[in-house]
Amino acid sequence: MGHTDGITCLSAGMFGTLLSGSADKTVRVWLDLKSSAVLKGHQAPVWDVAIYPGEGLYLSASGDKTIRLWDNGEERRVYRGHTDAVRGLVVLPDNTFLSCSNDCSVKQWDITGTCLHTLTLSSSFLYSLSIRENGVGFVSTGENGNVFVMDGTGTTEQVIQIPAVSVWCSASLPDGDIIVGSSDGLARIFSQDSLSFAPMADRELMTEQVAAQKHSKQVVGDLQLDKLQGPEGLHRTGSEGQTLMINNGGTVELYKFSSGSWQKVGVVQDAYDKDKHELDGQRFDHVIDVDVEDGKPPLKLGVNKGDDPWVVAQNFIGKHSLPQAYLSDIANYIIQNTGQTDKQPMSLSAEYADPFTGGGRYIPDEAATSDCNPEPTLGKGVSRYYPQHNVSQEKVPEATKLIMKFEEFNEMINANTNLSESELDHVYKITEKVRDKTEKPSIDDTAVIQKMLLWDKSYIFPVIDLVRSINNSFEDHFTFSEKLKIVQDNASLSHPEPCSRVALRFMVDITCQHTQQCLDQYHTIITPLLECLKYDNKKFIATSVTRLLHNMACLPSDIARTRLILSHINQLLEYLLKELPQEKDRKWISFQCLVAIGNIITRYPELISEVNKVCVQRLTTAELEKRKKYRLRLCVDTTA
């Protein structure tokens, strides 16, 4: 039995030893063509492996931005320093090793984990490393057809340009020649020996091809960017190996679908845009001044076309340690000064993006609209949608995306609560345990989680999602009281909206596992959560409140408590019609409210008189009745 996904790399050693890395996030050790060990720990596809001098020592590099050292099948050390996927490894004769990355750098490490040197070779991804035949210097290849030939001091001896978009790999031959493989399906050999040179006509042809490629990069705009999908295209599931070009604010990015998610593999280069403005070494469509304090010079803020103003505003607040209350003002200021239309922070869709980040976002699965396709009812007073007895649980985001968010936020919080390298390792192991459901988090793991729950409310939402993941795999790891305290500590109008939003989702999960306790404490639980409907960004808060009330309406309860649940559903319906005037924003929410009412009046018909008939009438006649596929007929006299 071997890997469960594509094999990305191999490394051969002595005595029949072979290492293989895979998109399944594991490394396998093979002896005599039999798998002898599986090395687990990476949170993203493994891109390269290397056998380190010494018995049983192996290196692996991954899309999770880490390098790992393995000793006799056990993880011994994690090397961090790269800011993007690590693509290549090579061990040097002096027992140090090199790594290259999508962050455009090559790093030299010693075995203790110290980064000795960092070289930035280009502005494009680097894919491979190889040692030159004499053991002095190395070769690195990457995007834009670049082959970098380096000497033993880290100085660039030569940059060879290939007429191909990507140069995937290289190797040094015994005679000192260099062979490279590229995305155009060719292998090319380069030599310092004039006797080995290709005919002059072939060399001139390659020079012409390189020149033509450079010209083609200047006219990449012919791709018609307005016809390419935006980042929302990454929310759709692809097929294994499928590629997709995305227009990300005018930058064309290439993605490949691998191991269940879209992986960024490159940027389609375009001409230098003279109309862009430079700020902090980056180029933007707009650079605007933001006055945040009287008597002090304004702060500069860079924005590109297509950027979400709310994401830009939040990043700006984090960068300059500004009060969270500034978010709405700054976002609206961006909209006014860049000519964008008023774009709300969130839209009700099948998925949501974390509003605190742009490129580093994690996108949890959200099933809010996936079941919003009801068919016509079966007849007056009869429905296939109620009574319902099954509660619904919120989905949790991918572990890989959570890890990347932890690493990002860990660098932003204060030194008293950020995690050490060993504590981060505990977080990685927790996600593995949750994924495999093999063993519960240890006492030390739980201590790290408790420390993370002390993070500032601006950064805590991925921590709550991690707790939710643990709870879904091992629901008895935390007591009901511990879970409820996490919700009550974080779902509050005084905290940033993402913090309350994820806490509300956790409460939905809890109702699925502790039904009677939730009913017993219903009033205590629901009252502060309803306050969260007062956030400016209402739709996702309303979605979770709706799911929570829907779950409560599914549970068997006495009439007094059911009457209270019904009053809160009425309150939510009134809120819907007042605060979400657009039908598209409330479609799923209103449908679930009506199903919950159907549940209640099926169990207690005498409560029909307490249904908010005005709200139901407006929802059914103005919204649901005009589309039969969304029609839900309730046995309620809506004409009263």
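Here goes a summary of the coordinates provided. (Residues numbered from 1 in each chain as written. Predicted model: local features only at pLDDT ≥ 70, side-chain atom pairs only at ≥ 80, totals over all residues. Heavy atoms only, no water.)

## Notes on the overall build of the protein chain
When its secondary structure is counted, the protein chain shows 15 helices and 26 strands. Long-range pairs, those at least 24 residues apart, make up 52% of the contacts in the protein chain with a sequence separation of at least 6. Roughly 29,400 Å² of accessible area belongs to the protein chain as shown, and the carbon and sulfur atoms make up 51% of that amount. (Helix = DSSP H or I, 4+ residues; strand = E, 2+ residues; numbered from the N terminus. Contact = heavy atoms within 4.5 Å. Areas by Shrake-Rupley, 256 points an atom, 1.4 Å probe, with all protein chains shown as cover.)

## Considering the pattern of salt bridges
One pass over the structure, following the stated rule, counts 19 salt bridges. Among the ionic pairs, Lys451 bridges to Glu423, the shortest N-O distance being 3.0 Å. Highlighted residues: Lys451 in helix α6 (residues 443-452) and Glu423 in helix α5 (residues 421-436), separated in sequence by 28 residues. The class for Lys451 is partly exposed, based on a relative accessible area of 22%. Overall, the relative accessible area of 18% leaves Glu423 in the buried class. (Salt bridge = Lys/Arg side-chain N within 4 Å of Asp/Glu carboxyl O. Buried < 20%, exposed > 50% of the residue type's maximum accessible area, 1.4 Å probe, protein only.)

## Side note on the sheet that holds strand β5 (residues 46-51)
To summarise the sheet geometry, strands pair through backbone hydrogen bonds and adopt either a parallel or an antiparallel arrangement. In spatial order, the strands read β5-β6-β7-β8; together these 4 strands make up an open sheet with antiparallel pairing. Each end of this open sheet is capped by a strand with a single partner; those strands are β5 and β8 (74-80). Along the sheet, successive strands turn relative to each other by an average axial angle of 20°, direction set aside. Of the strand pairs in this sheet, strand β7 (residues 66-71) and β8 are connected by 6 bridges, and their pairing is antiparallel. (Pairing = 2+ DSSP bridges. Axes fitted to C-alpha atoms, helices over the stretch in contact; angles between N-to-C directions.)

## Topic: the packing of helix α7 (residues 461-473) against helix α9 (residues 497-513)
In contact at an axis separation of 9 Å, α7 and α9 are set at 15° when each is read in the N-to-C sense. The pairing of α7 with α9 is recorded here as roughly parallel in orientation. Considering how the two elements wind past one another, α7 and α9 form a crossing that is left-handed. Between α7 and α9, the residues in contact are Phe461, Ile464, Asp465, Val467, Arg468, Asn471 and Asn472 and Pro498, Cys499, Val502, Ala503, Arg505, Phe506, Asp509 and Gln513, respectively. Tallied by class, the residues present in the contact of α7 with α9 amount to 8 nonpolar, 3 polar and 4 charged. (Parallel < 35°, antiparallel > 145°, perpendicular 65-115°, else oblique. Left-handed = near helix turned anticlockwise from the far one by under 90°. Nonpolar A, V, L, I, M, F, W, Y, C, P; charged D, E, K, R; others polar.)

## Some thoughts on the sheet that holds strand β18 (residues 178-182)
Taken together, 3 strands build an open sheet; the order of strands is β17-β18-β19 and the sheet is antiparallel. Either end of the sheet is taken by a strand with one partner, and the two such strands are β17 (167-172) and β19 (187-190). Adjacent strand axes in the sheet meet at a mean angle of 20°, parallel and antiparallel pairs treated alike. The pairing of β18 with β19 spans 4 bridges and is classified as antiparallel. Paired with Val180 across the two strands is Arg188, which belongs to β19.

## Some remarks on the pairing of strand β12 (residues 115-120)
Both strand β11 (residues 105-109) and β12 contribute to a ladder of 5 bridges, which runs antiparallel. Each bridged residue has a counterpart across the sheet, and for Gln108 the counterpart in β12 is His117. Counting the residues that bridge the hairpin from β11 to β12 gives 5 residues, and of these Gly113 lies at a positive phi of roughly 105°.

## Topic: the packing of aromatic side chains
This model, assessed by the stated rule, comprises 9 aromatic pairs. Here the aromatic rings of Phe406 and Trp455 are separated by 6.5 Å at their centres, their planes lie at 75°, and the arrangement is edge-to-face. Here the residue Phe406 occupies a position in helix α4 (residues 399-410), and Trp455 occupies one in the loop between α6 and α7, the gap between them amounting to 49 residues. When sorted by exposure, Phe406 lands in the same class as Trp455, which is buried. Taking the ring centre of Tyr428 as reference, the NZ or CZ of Arg68 above it sits at 5.2 Å. Across the ring face of Trp47, the terminal group of Arg87 is positioned such that the distance to the ring centre comes to 4.2 Å. (Phe/Tyr/Trp six-rings, centres within 6.5 Å; stacked < 30°, edge-to-face > 60°. Lys NZ or Arg CZ within 6 Å of the ring centre and 35° of its normal.)

## With respect to α4
Between the first and last C-alpha of α4 there are 16 Å, a value that for 12 residues agrees with the 16 Å anticipated at 1.5 Å per step. Inspection of α4 places Thr400, Leu402, Ile403, Lys405, Phe406, Glu407, Phe409 and Asn410 among the buried residues, and these make up the whole buried set. (Expected span 1.5 Å × (residues − 1).)

## Side note on α6
Those residues of α6 that sit buried are Asp445, Thr446, Val448, Ile449 and Met452. Taken around the axis of α6, the buried residues stretch over an arc of 155°, which confines them to a single face. Contact partners of the buried residues in α6: α4, α5 and α7. (Arc of directions from axis to C-beta.)

## Observations regarding the side chain of Asp48
Inspection of the secondary structure assignment puts Asp48 in strand β5. Buried within the structure, Asp48 lacks any salt-bridge partner; its nearest side chain of opposite charge belongs to Arg87, at an N-O separation of 8.9 Å. A distance of 2.8 Å separates the side chain of Asp48 from the backbone nitrogen of Leu89, its partner in a polar contact. When near neighbours in sequence (up to four residues on either side) are disregarded, Asp48 contacts Cys9, Leu59, Ser60, Ala61, Arg87, Gly88 and Leu89. (Lys, Arg positive; Asp, Glu negative; His and termini not counted. Polar contact = N/O pair within 3.5 Å; in protein donor to acceptor, adjacent residues only side chain to side chain.)

## Focus on the environment of Ala37
With respect to the secondary-structure elements, Ala37 resides in strand β4 (residues 34-40). Since its relative accessible area comes to 22%, Ala37 is described here as partly exposed. For the pair formed by Ala37 and Glu74, sequence separation is 37 residues and the distance between their alpha carbons is 9.6 Å.

## Here we look at the packing of helix α11 (residues 522-531) against helix α13 (residues 559-579)
Angle between the axes and distance between the axes are the two parameters that describe a pair of packed helices. The interhelical angle for the contact between α11 and α13, taken along N-to-C directions, is 5°, at an axis separation of 12 Å. Put simply, α11 runs roughly parallel to α13. From α11, Tyr522, His523, Ile526 and Leu530 reach across to α13, where they touch Arg561, Leu564, Ile565, His568 and Gln571. For the contact of α11 with α13, a count of residues per class yields 5 nonpolar, 3 polar and 1 charged.

## Topic: unusual backbone geometry
Although it is not a glycine, Asn72 sits at a positive phi angle of roughly 50°. Mapped onto the secondary structure, Asn72 falls in the loop between β7 and β8. Among the residues examined, Asn72 registers a relative accessible area of 59% and is labelled exposed. Phi at Asn95 is positive, roughly 75°, even though this residue is not glycine. With respect to the element layout, Asn95 can be found in the loop between β9 (86-91) and β10 (97-101).

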